[in-house]
Amino acid sequence: MSEVTIRCRKDGPLIVTGPAKVTDTDGNEYDTSGKENIALCRCGVSGNRPFCDGSHRASGFQSDDSARA
Ligand code: FES
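Residues numbered from 1 in each chain as written. Predicted model: local features only at pLDDT ≥ 70, side-chain atom pairs only at ≥ 80, totals over all residues. Heavy atoms only, no water.

### Quick look at the pairing of strand S1 (residues 5–8)
Consideration 1: As defined by bridge partners, S1 adjoins strand S2 (residues 14–17) across four bridges and the pair is classed as antiparallel. Note on S2: the bridge partner recorded for cysteine 8 is leucine 14. (Pairing = 2+ DSSP bridges. Helix = DSSP H or I, 4+ residues; strand = E, 2+ residues; numbered from the N terminus.)

### Structural notes on the pattern of salt bridges
Consideration 1: Under the counting rule described, the total for this entry stands at two salt bridges.
Consideration 2: The shortest N-O distance in the salt bridge between aspartate 11 and lysine 10 comes to 3.1 Å.
Consideration 3: A relative accessible area of 24% means that aspartate 11 is categorised as partly exposed.
Consideration 4: Among the salt bridges present, the one from arginine 42 reaches aspartate 65, with a minimum N-O distance of 2.4 Å. Of this pair, arginine 42 sits in the loop between strand S3 (37–40) and helix H1 (56–59) while aspartate 65 sits in the segment after H1, and the two are 23 residues apart along the sequence.
Consideration 5: Note on aspartate 65: relative accessible area 46%, which makes it partly exposed. (Salt bridge = Lys/Arg side-chain N within 4 Å of Asp/Glu carboxyl O. Buried < 20%, exposed > 50% of the residue type's maximum accessible area, 1.4 Å probe, protein only.)

### Considerations on the sheet that holds S1
Consideration 1: Ordered by their spatial adjacency, three strands build an open sheet running S1-S2-S3, and the pairing between neighbours is antiparallel. Only two strands of the sheet have a single neighbouring strand rather than two, namely S1 and S3. In this sheet, adjacent strand axes meet at a mean angle of 25° when their direction is disregarded. (Axes fitted to C-alpha atoms, helices over the stretch in contact; angles between N-to-C directions.)

Take a look at the structure:
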């Protein structure tokens, strides 16, 4: 697979599918080997940022983004 897709999940993380790299603020790459999808936190409460750890559910985070204007 050579294409990266980022899907906004309702009330949840951004789901990244494809050959993407995730780096920290210093440019060090996180080990995401073996993962078909990467879930990036967008609620801000994950204890494992930048990755989602499911905490968005208890936080009441809401987002229902639509590409349709
Ligand atoms: S989006 Fe899941 S913990 Fe933030």
